[in-house]
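# Analysis of the macromolecular model
Chain residues, written in single-letter form:
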There are 2 protein chains.
Amino acid sequence: MARTFVTAEEVAKRAGVSRSAVSRTFTPGASVSKTVRRKVLKAARELGYRVNRLAQVLNNDRSNLIGVVGANLSSPFISKQLDLLSIGLLRQGKQCLLLNAADARQDIAPLIELLFEFRAQAIVVLSGEPPASIVDECIANGVRLILINQRLDRTDTNMVLSDDSHGADLAALRLIESRCKKVAVVTSGSQTPAQLRRAKAFTQRMQAEGVDVVAWSGGPTSYESGVQAGRELLVDKAIDGAFCVTDLLALGFLDAARLEMNRRVPQDVSIVGFDDIPQAGWKSYGLTTVAQSFQALTEKVLSALDSDEPETRMQVVPVTLVERQTAR
Amino acid sequence: MARTFVTAEEVAKRAGVSRSAVSRTFTPGASVSKTVRRKVLKAARELGYRVNRLAQVLNNDRSNLIGVVGANLSSPFISKQLDLLSIGLLRQGKQCLLLNAADARQDIAPLIELLFEFRAQAIVVLSGEPPASIVDECIANGVRLILINQRLDRTDTNMVLSDDSHGADLAALRLIESRCKKVAVVTSGSQTPAQLRRAKAFTQRMQAEGVDVVAWSGGPTSYESGVQAGRELLVDKAIDGAFCVTDLLALGFLDAARLEMNRRVPQDVSIVGFDDIPQAGWKSYGLTTVAQSFQALTEKVLSALDSDEPETRMQVVPVTLVERQTAR
DNA sequence: GTGAAAGCGCTAACAG
DNA sequence: CTGTTAGCGCTTTCAC
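Residues numbered from 1 in each chain as written. Chains lettered and ligands numbered in written order. Predicted model: local features only at pLDDT ≥ 70, side-chain atom pairs only at ≥ 80, totals over all residues. Heavy atoms only, no water.

### Quick notes on the UniProt feature "domain: HTH lacI-type" (unreviewed entry) in chain A
Per the UniProt entry, the sites bearing "domain: HTH lacI-type" (unreviewed entry) are residues 6-60 of chain A in this numbering. Across residues 6-60 of chain A, helical content stands at 67% and strand content at 0%; the span's end C-alpha atoms are separated by 21 Å. (UniProt positions renumbered as here; feature names shortened; annotations may be inferred. Helix = DSSP H or I, 4+ residues; strand = E, 2+ residues; numbered from the N terminus.)

Put into structure tokens, the structure is as follows:
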């Protein structure tokens, strides 16, 4: 079993040229004669040579490594983001170093530290909130930091986020249109900043309109938590509407309403979600929800990564209400 | 602004010791005196020093980088695998270099080449089939290759896969138990080897039992393709059972059956899926399905990565039938 | 236990 | 255009 990779030196020897000639052949804008180039490529092919990017970086200091940290990678929402992001990165010729925070409450600071050690050029945070000290260090070391759906109160970081408050407002207006008298707002126990923003904006609007709102919160951000919420809340026969700050919660709530608590949706209770994950569109659900544009979010992230000097610090991506069948 | 990272040399200077002392301090099994160590650590902290792993690798040649290539990263099945895998890797102190093949038909060879350039220690293939030449090169360069749910006809590669044929057999037996007379077997148009194995084993068993089987195939591996299959197949009133080689297909089929084709499930038609993705357990579905153990699959992969000399080349993970409500 | 010095594989600045 | 010569940041003999 051959152990070590072929080096440029070996290629040079075989091709009968200098090391630098080899290097140049594999450097985009270098000047090499056709003949030398051909000889080198031939030798390289025969030997199975590949540049060692790690060694390359040592000189360049452009690692092309983009750190991606996030938790809950199998949730429909996050996985979609990751999918689009990783495709885009590859297209930009960048590599994606993925660090899974395992669960959202875990401190992501150590992961970011690790990314420093790999000299990541930029770090994209899909979920979790980096402590201020880390943000400072990113800046100090020239590592670009991009936060998704995270709103930090500082102007020196890139943030791209969906318009949560407006989305929540759309949801509120829709439920008002349904003539709801008493609505629930359900969040998960992990109360991320985004969830909080949505719940708050929703509640404000509803109360402004004189509608009763009861808040529920608990469990992880999952289908099951939604079921639980439905089970507990719908004991109250007066509740005729619900805003679940996440589709996963909404889908669980919907199932609990119909299949356990014996409610007709939307006749007895109107339900609105947030995210527009694929499952929201499945025929058994047809969830009315506030759609985040995964595509748009990802594009903003990618362009922030690509530009040399990021002019925009906070980019808010618009959301839209997707009307399906769960709101009267 | 693109400030450069602090180097070991600077730390050495500040601590008043040699470079080597610094290096030793950050090398697990090295011999440094308490005092020197303390001085170094102090200086390092003050300066915000981090070892440069990239430079480290140049000497070590243990990059700790594990390449992961796959397509369809947002499908419930793949994303779950990736989630578990990335958590496990981190726990093993390895880093995950993620390359998204964008779509399954894309050749993954170039991605693997790229991984070579990064001197990945091992490569895990979540989906897609690497050409033989690439497999050879992995071996030649001492890069361990691990294929998930891929059955290559060679003994020099690590493969971990679910027991597809047995799973398909379980599905067949279950439908026979339902007294089905004419069943459909639905695969997606991308006909992966795994799908083919399932369909084949199922068909064989059914025909052996004298049951009529009609095959359907089309579209990507998605919910929508399942819907399409249901729509087209259930025009035939005689069909009273279906085996969808993937849960995503099964869920779509189920919805089409109930909501479009006016069938009661399981009374009129029994449906069995494969995978056991989270959605299969959602109350609106309650899909009877063959469960792959994501956990077990991942564990095998992780242990194959961890062991120095992989003894087992092909590891088959058992599957189980999860009885819910879609089979009579 | 410690420093000096020699690489790891590559790129870049500098003569020719 | 090409080879020679320095490094990039780190680890690792090897003497002391």
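### Examining the interface of chain A and chain B
With 58 residues of chain A at the contact, the number on the chain B side is 60 residues. When residues of chain A are sorted by the area they lose upon contact with chain B, Arg 50, Leu 54 and Trp 282 of chain A head the list and together hold 14% of the total. Between chain A and chain B we count eight salt bridges in total. We note a salt bridge from Arg 50 of chain A to Glu 137 of chain B, for which the minimum N-O separation is 1.8 Å. Looking at the side of chain A that touches chain B, the elements with two or more residues in it are helix H4 (53-60), helix H5 (76-91), strand S2 (95-100), helix H6 (109-117), helix H7 (132-140), helix H10 (223-233) and helix H11 (247-260) of chain A. (Contact = heavy atoms within 4.5 Å. Buried area = accessible area lost by both parts, 1.4 Å probe. Salt bridge = Lys/Arg side-chain N within 4 Å of Asp/Glu carboxyl O.)

### Quick look at the pattern of salt bridges
Applying the stated rule across the entire model yields 40 salt bridges over all chains. Across the pair Glu 117 of chain B and Arg 53 of chain A runs a salt bridge whose closest N-O atoms are separated by 2.7 Å. Pair noted here: Glu 117 of chain B is in helix H6 (residues 109-117) and Arg 53 of chain A is in helix H4, and the two residues belong to different chains. Accessibility assignment for this pair places Glu 117 of chain B and Arg 53 of chain A in one class, buried. The shortest N-O distance in the salt bridge between Asp 276 of chain B and Arg 324 of chain B comes to 2.5 Å. In this pair, Asp 276 of chain B sits in the loop between strand S9 (270-275) and strand S10 (288-291) while Arg 324 of chain B sits in the segment after strand S12 (320-322), placing the two residues 48 residues apart along the sequence. For Asp 276 of chain B, a relative accessible area of 22% gives the class partly exposed. Because the salt bridges share partners, they merge into one network encompassing Asp 164, Arg 197, Arg 198 and Asp 275 of chain A. (Buried < 20%, exposed > 50% of the residue type's maximum accessible area, 1.4 Å probe, protein only.)

### What to know about the domain arrangement of chain A
Looking at the assigned domains, one finds that chain A contains domain 1 (6-50), domain 2 (63-161 + 293-316) and domain 3 (162-291). Here the C-alpha centroids of domain 1 of chain A and domain 3 of chain A sit 62 Å apart. (Domains from an automatic or database assignment.)

### Points about the packing of helix H8 (residues 164-177) of chain B against helix H9 (residues 193-208) of chain B
For any two helices packed against each other, one specifies the crossing angle of their axes together with the interaxial distance. Residues and elements named next belong to chain B. Packing of H8 against H9 leaves a shortest axis separation of 8 Å and a crossing angle of 40 degrees. Accordingly, the angle class assigned to the pair H8 and H9 is oblique. As for the relative orientation of H8 and H9, their crossing is right-handed in sense. Between H8, through Asp 164, Ser 165, Ala 168, Asp 169, Ala 171, Ala 172, Leu 173, Leu 175 and Ile 176, and H9, the contact on the second element is made entirely by Ala 194, Arg 197, Arg 198, Ala 201, Phe 202, Arg 205 and Met 206. For the contact of H8 with H9, the residue count by class is ten nonpolar, one polar and five charged. (Axes fitted to C-alpha atoms, helices over the stretch in contact; angles between N-to-C directions. Parallel < 35°, antiparallel > 145°, perpendicular 65-115°, else oblique. Left-handed = near helix turned anticlockwise from the far one by under 90°. Nonpolar A, V, L, I, M, F, W, Y, C, P; charged D, E, K, R; others polar.)

### Digging into the protein's contact with DNA strand D
Taken together, 26 residues surround DNA strand D, and among them Ser 20, Arg 24, Ser 33 and Asn 59 of chain A together with Ala 8 of chain B come closest. At the level of elements, helix H2 (19-25) and H4 of chain A together with helix H2 (19-25) and helix H4 (53-60) of chain B are the ones that each hand at least two residues to the surface near DNA strand D. By residue class, the composition of the surface near DNA strand D is ten nonpolar, twelve polar and four charged. (Near = heavy atom within 4 Å.)

### Examining unusual backbone geometry
Of note, the bond from Val 265 of chain A into Pro 266 of chain A is cis; its omega dihedral lies within 30 degrees of zero at 10 degrees. Structurally, Pro 266 of chain A is set in the loop between H11 and strand S9 (270-275). A positive phi angle, near 50 degrees, is found at Asn 149 of chain A, a position not held by glycine. Along the chain, Asn 149 of chain A falls in the loop between strand S4 (144-148) and strand S5 (158-162). Here Arg 119 of chain B, not a glycine, exhibits a phi torsion of approximately 55 degrees, which is positive. By the secondary structure assignment, Arg 119 of chain B is in the loop between H6 and strand S3 (122-125).

### Some remarks on helix H5 (residues 76-91) of chain B
Taking 1.5 Å of rise per residue, 16 residues should cover 22 Å, and H5 of chain B covers 23 Å from first to last C-alpha, within 8% of that figure. Burial within H5 of chain B is extensive, with 13 of its 16 residues counted as buried. (Expected span 1.5 Å × (residues − 1).)

### Regarding the relation of the copies chain A and chain B
Superposing chain A onto chain B takes a rotation of 180 degrees plus a shift of 0.0 Å along the axis, which leaves an RMSD of 0.1 Å. The relationship between the two copies is best expressed as a two-fold rotation axis. Within chain A, the C-alpha atom positioned nearest to the axis of rotation is that of Leu 97 of chain A, 2.3 Å from it. Comparing interface residues between copies, 100% of those in chain A also lie at the interface in chain B; the contact surface is shared. (Least-squares fit on C-alpha atoms with pLDDT ≥ 70 in both.)

### Concerning the packing of aromatic side chains
Scanning all chains against the criterion turns up 15 aromatic pairs over all chains. Centre to centre, the rings of Phe 26 of chain B and Tyr 49 of chain B are 5.3 Å apart; their planes meet at 55 degrees, and the pair counts as tilted. Of this pair, Phe 26 of chain B sits in the loop between H2 and helix H3 (34-47) while Tyr 49 of chain B sits in the loop between H3 and H4, and the two are 23 residues apart along the sequence. Of the residues examined, Phe 26 of chain B reaches a relative accessible area of 28% and is grouped as partly exposed. Among the residues examined, Tyr 49 of chain B registers a relative accessible area of 14% and is labelled buried. What links up through ring pairs into an aromatic cluster is the set Tyr 223, Trp 282 and Tyr 285 of chain A together with Tyr 223, Trp 282 and Tyr 285 of chain B. Lying across the ring of Phe 274 of chain A, Arg 198 of chain A places its NZ or CZ 3.9 Å from the centre. (Phe/Tyr/Trp six-rings, centres within 6.5 Å; stacked < 30°, edge-to-face > 60°. Lys NZ or Arg CZ within 6 Å of the ring centre and 35° of its normal.)

### Overview of the side chain of Thr 203 of chain A
Residues and elements named next belong to chain A. Mapped onto the fold, Thr 203 is located in helix H9 (residues 193-208). A polar contact of 2.6 Å, which involves the side chain of Thr 203, links it to the backbone oxygen of Ala 199. Not counting the four nearest positions on each side in its chain, Thr 203 is found in contact with Val 185 and Val 213. (Polar contact = N/O pair within 3.5 Å; in protein donor to acceptor, adjacent residues only side chain to side chain.)

### Remarks on the sheet that holds strand S8 (residues 241-244) of chain A
Hydrogen bonds between backbone atoms are what pair the strands of a sheet, whose relative direction is either parallel or antiparallel. Residue and element names in this part refer to chain A. Strands sit in the order S7-S6-S8-S9-S10-S12 across an open sheet of six strands; the sheet is mixed. At either end of the open sheet lies a strand with only one pairing partner, and these are strand S7 (212-217) and strand S12 (320-322). The mean inter-strand angle of the sheet, taken between neighbouring strand axes irrespective of direction, is 20 degrees. Both S9 and strand S10 (residues 288-291) contribute to a ladder of four bridges, which runs parallel. Residue pairing in the sheet places Phe 274 in a bridge with Val 290 of S10. In the packing of H9 onto the sheet, the strands contacted are strand S6 (182-187), S7, S8 and S9, and the crossing angle to S6 comes to about 170 degrees. Across the sheet, H11 lies against S6, S8, S9 and S10, angled at about 155 degrees from S9, the strand it touches most. (Pairing = 2+ DSSP bridges.)

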